[in-house]
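Topology and contacts: notes
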Amino acid sequence: MSSNIADYVRTTLVRRGRWGIGEILFWLIAASTLYFLPERHLILNEIAIIGLFALSLDLILGYAGIVSLGHAAFFGLGAYAAGILAKYGFADPLLGLVIAAIAAAILGFATSFLVLRGSDLTKLMVTLGVALVLGEVANQASWLTGGADGLQGISMGPILGLFEFDIFGTTAYAYSLAVTFLLFILARRIVVSPFGLSLRSIRDNPLRARAVGIPVNRRLVAVYTLAAAYAGVAGALLAQTTQFVSLDVLAFHRSADVMLVLVIGGVGYLYGGLIGAIVFKVLQDVISAWTPQYWQFWIGLILVIIVLAGRERLTERVRTLWKGMAGRTTKSNEPLPATSAREI
Amino acid sequence: MAIALETKGLVKRFGGLQATDNVSFKLEQGARHALIGPNGAGKTTFINLLTGVLKPTSGQIFLEGQEITGLRSELRVQRGLARTFQINQLFPAMTPLETIGLAVSERLGGGRDWWRVTGRKHEIVDEIVEVAQRFRLMDVLDERTSNLAYGKQRLLEIAVAFACRPRVLLLDEPAAGVPEAERHELLATVAALPRDVSVLLIEHDMDLVFSFADRISVLVNGALFTEGTVEEVSTDPRVRAVYLGESVDE
């Protein structure tokens, strides 16, 4: 009897780590676009990159409850690191990704101690401030970054020495998608681990997390550093696949956009960033084709409507559908907290 | 008898207010000790000093003979000093299973494990089962904590602290707000706590204090007023005066 109970406990705990059918379908469809949508690879590449960027924000916002309006600092640093590296002859893309990740992680680690203090408002201001400072540094250091003209003269070598980048963006998209997928698997693994569980507990109630013996600050530093590295990789992917870096990678709208993307897709279940990136880019693409001058007006309006009127219900509907597809047994009609993040 | 938890000359001042006034207190190994006192006597401040939420102005705290005065609160938990909260401090979006699992895996050093899926380790699973059965949470293990009945949440509150395998357990009004129907279950689990855990109970409810504790300390205006067996304290006219005076004022 007691071994039955132990089995029940084990399977219930391990259940979170299982892949649902919906998830497998999601990635199969993503991979199939490599063949089925050859003329859309440039925008799909952008979607994969923004998706990874939003995934990195989800790691800190959705799993640790840290709000940030300056996540572009890490994205931009990663982009410049990879771009400058390639410009000065280190053309191997994977090397660039690793260096970019390390650079962003160092910045993340250093600034995490500022972000740990204070309220949500303080966090927003501190993260925003860090990104602004970095943007101005990049602007001033034009000898290194190209300043307002952008970093030009990047030429990337073939990936793994085999796959050259092409003008249709097919290699680029395959590359970004593969990197995003691998980092997604890692993130997914992390959030169902005991470490990930402790992050969720900190998000829910830091006071109690401490009373359970969790070194709260250390865990937050760890996840903030990790998320920074992820954002750095996303930035590096953009630099490498477009072979250009401008000050735009550090701009405020990058940080704001990625927050919007995550909010559209839903916080705290890792797919939110990816789904949000698809919705955001497709909306942007469709509207700007329809009305090139006023697309920002429409996208702003749509975002306000989504967030005010339907986001909770929208994501909940998707989630219910998702759970149905994945055949999960978790209850779906739970009341959801209006402000805090949720988990799957 | 060995001393589980001891304070020497503990003082906490908030500006001009002396919230804890030179408290020298001993909790014996395996004790069932109650700390009572009128509202505003400084019971919560005292708990916060013990657990490291607040730093004392002066004085020392010892856990099983080792000084912990300057230790961060999570390290005190790891040394075996756990607490429950007067107002539930749970993880609303997590299940009791995950909550207990978290406490167990943290104690076994699993919190740094970012690769294995939670629940892959046998010793963690076995302990979760043991704690869940002890606190009668088996039937709600996979429910969302925010959806649990209040009595169950109260049980979980104690279960999480117990899952930290404390040598000393501080119970802060464990039965507060629990409806009469669920009260019995809660008191039974508190009474059944193993004797190798020393318990300090902070309580208003005299029935619970008299049925549970074998020693009582009375805190008044931040200072230890008196201490003794249940018999001594309950018949002490000065305690009655302090208490009755307070209740009449309320």
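Keep in mind the model is a prediction, meaning the values are calculated, not measured.

Criteria and thresholds
Every chain begins its residue count from 1, and numbering advances along the sequence as written. Note on labels: chains are lettered from A, ligands numbered from 1, in written order. Reporting of local features is limited, given that this is a predicted model, to residues whose pLDDT is at least 70; pairs of side-chain atoms are given and counted only at 80 or more, and all residues count toward the totals for whole chains, interfaces and linings. Strands here mean DSSP runs of E at least two residues long; helices mean DSSP runs of H or I at least four residues long; both are numbered from the N terminus. Our radius of gyration is a C-alpha quantity, and the globule rule it is checked against amounts to 2.2 Å times the number of residues to the power 0.38. Each residue is represented by a C-beta atom placed from its backbone, and any two residues with such atoms within 7 Å are regarded as in contact. Three classes are used. A residue is buried when 20 or more other C-beta atoms lie within 10 Å of its own, exposed when 12 or fewer do, and partly exposed in between, with C-beta atoms placed from the backbone. Only strands joined by at least two bridges in the DSSP assignment are considered to pair. Fitted lines through C-alpha atoms give the axes, limited to the stretch in contact for helices. The angle between two N-to-C directions lies from 0 to 180 degrees. One less than the residue count of a helix, multiplied by 1.5 Å, gives the span that helix is expected to have. Taken from the helix axis, the directions to the C-beta atoms give the arc we talk about. Residues were grouped as follows: Ala, Val, Leu, Ile, Met, Phe, Trp, Tyr, Cys and Pro as nonpolar; Asp, Glu, Lys and Arg as charged; and all remaining residues, including Gly, as polar. pLDDT measures the predictor's confidence residue by residue and takes values from 0 up to 100. Oblique is the label for any angle not under 35 degrees, not over 145, and not in the 65 to 115 range, which are roughly parallel, roughly antiparallel and roughly perpendicular in turn. The bend at a residue is defined as the angle formed between two axes, one fitted to the seven residues ending at that residue and one fitted to the seven starting there.

Broken down by element type, chain B carries nine helices and ten strands. In summary, chain B has a C-alpha radius of gyration of 18 Å against a globular reference of 18 Å for 250 residues, a match within 12%. On the principal axes, the C-alpha backbone points of chain B span a range of 55 × 40 × 35 Å. Counted over contacts in chain B with a minimum sequence separation of 6, partners at least 24 positions apart contribute 66%.

So, about the overall build of chain A. Counting its secondary structure elements, chain A contains 14 helices and zero strands. Traced from its N-terminal end to its C-terminal end, chain A shows the element sequence α-α-α-α-α-α-α-α-α-α-α-α-α-α. Classification of the 344 residues of chain A by burial places 46% in the buried group. A fraction of 77% describes how many contacts in chain A between residues 6 or more apart in sequence connect residues 24 or more apart.

Now for the sheet that holds strand 5 (residues 66–67) of chain B. All names here are of chain B. On the basis of which strands lie adjacent, the open sheet formed by four strands has the order 2-1-4-5 and antiparallel pairing. Each edge of the sheet is formed by a strand with only one pairing partner; in this case those strands are strand 2 (17–28) and strand 5. As judged from the eight bridges shared by strand 1 (residues 3–14) and strand 2, these two strands associate in the antiparallel manner. Bridge pairing in strand 2 places T7 opposite F25. Against the sheet, helix 1 (residues 43–51) contacts strand 1, strand 2 and strand 4 (58–63), and its axis sits at roughly 65° relative to strand 2.

All names here are of chain A. For helix 6 (residues 120–140), spanning 21 residues, the distance from its first C-alpha to its last is 30 Å, which sits close to the expected 30 Å at 1.5 Å a residue. If you check which residues of helix 6 are buried, you get K123, T127, V130, A131, L134, G135 and A138. Buried residues along helix 6 cover an arc of 135° about the axis, so they all sit on one side. Away from its buried face by more than 90 degrees, helix 6 exposes L121, E136 and Q140.

What follows is about the environment of L151 of chain A. All names here are of chain A. Summarising the element assignment, L151 is placed in the loop between helix 7 (142–145) and helix 8 (170–191). On the basis of neighbour counts, which here come to 25 C-beta atoms within 10 Å, the residue L151 falls in the buried class. In this structure the C-alpha to C-alpha distance between L151 and A187, which are 36 residues apart in sequence, comes to 31 Å. Those residues in contact with L151 that lie beyond four places of it in its chain are Y80, G83, I84, K87, T145, G146, F244 and V245.

Let's shift gears to the interface of chain B and chain A. Many analyses report the size of an interface as the accessible area lost when the parts associate. If you look at the interface, chain B gives 40 residues, while chain A gives 33 residues. Put simply, the parts of the chain that give the side of chain B that touches chain A at least two residues each are helix 2 (73–79), helix 3 (96–107) and helix 4 (122–134) of chain B. Tallying contributions element by element places helix 3 of chain B first for the side of chain B that touches chain A, with eight residues. Classifying every residue of the side of chain B that touches chain A gives 18 nonpolar, ten polar and twelve charged.

Confidence in the prediction of chain A, expressed as mean pLDDT, is 87, and 89% of residues score 70 or more. Overall, residues 327–344 of chain A carries pLDDT values under 50, and its contacts beyond four positions in sequence, including any with other chains, amount to 26 contacts.

Looking now at the pairing of strand 1 of chain B. Residues and elements named next belong to chain B. Counted along the chain from strand 1 to the antiparallel partner strand 2, the turn is two residues long, and its residue G15 has a positive phi close to 60°. Examined bridge by bridge, strand 1 and strand 4 share five bridges and lie antiparallel to one another. Paired with V11 across the strands is S58, a residue of strand 4.

Now for the packing of helix 3 (residues 41–64) of chain A against helix 11 (residues 216–242) of chain A. Residues and elements named next belong to chain A. Relative orientation of the contacting elements helix 3 and helix 11 amounts to 170°, with a least axis distance of 9 Å. By the angle between their directions, the pair helix 3 and helix 11 is classed as roughly antiparallel. Counted together, N45, I49, L52, F53, L55, S56, L57, L59, I60, Y63 and A64 of helix 3 and L220, V223, Y224, L226, A227, Y230, A231, V233, A234, L237, L238 and T241 of helix 11 form the full contact between these two elements. Residue classes in the contact of helix 3 with helix 11 are distributed as 20 nonpolar, three polar and no charged.

Attention now moves to helix 5 (residues 93–115) of chain A. Residues separated by three or four positions in an α-helix point in the same direction, a consequence of the helix having 3.6 residues per turn. Between its terminal C-alpha atoms helix 5 of chain A stretches 31 Å, which fits the 33 Å expected from 23 residues at 1.5 Å a residue. A bend of about 25° at F109 of chain A is the largest found in helix 5 of chain A.

Residue and element names in this part refer to chain B. The phi angle at N22 is positive, at roughly 50°, despite the residue not being glycine. Mapped onto the elements, N22 comes out in strand 2. The phi angle at R165 is positive, at roughly 50°, despite the residue not being glycine. Take R165: it is sitting in the loop between helix 5 (150–163) and strand 7 (168–172).

Paired through their backbone hydrogen bonds, the strands of a sheet run either parallel or antiparallel. All names here are of chain B. Taken in spatial order, the six strands of this open sheet run 6-7-8-3-9-10, and their pairing is mixed. Single-partner strands in this sheet number two, and they are strand 6 (81–83) and strand 10 (223–229). On average, each strand axis in the sheet is tilted by 20° relative to the strand beside it, whichever way the strands run. By the bridge criterion, four bridges tie strand 3 (residues 32–36) to strand 9 (residues 215–220) in an arrangement that is parallel. Opposite I36, over in strand 9, you have V218 as the bridge partner. Lying on the sheet, helix 1 is in contact with strand 3, strand 6, strand 7, strand 8 (198–202) and strand 9; it crosses strand 7 at an angle near 150°.

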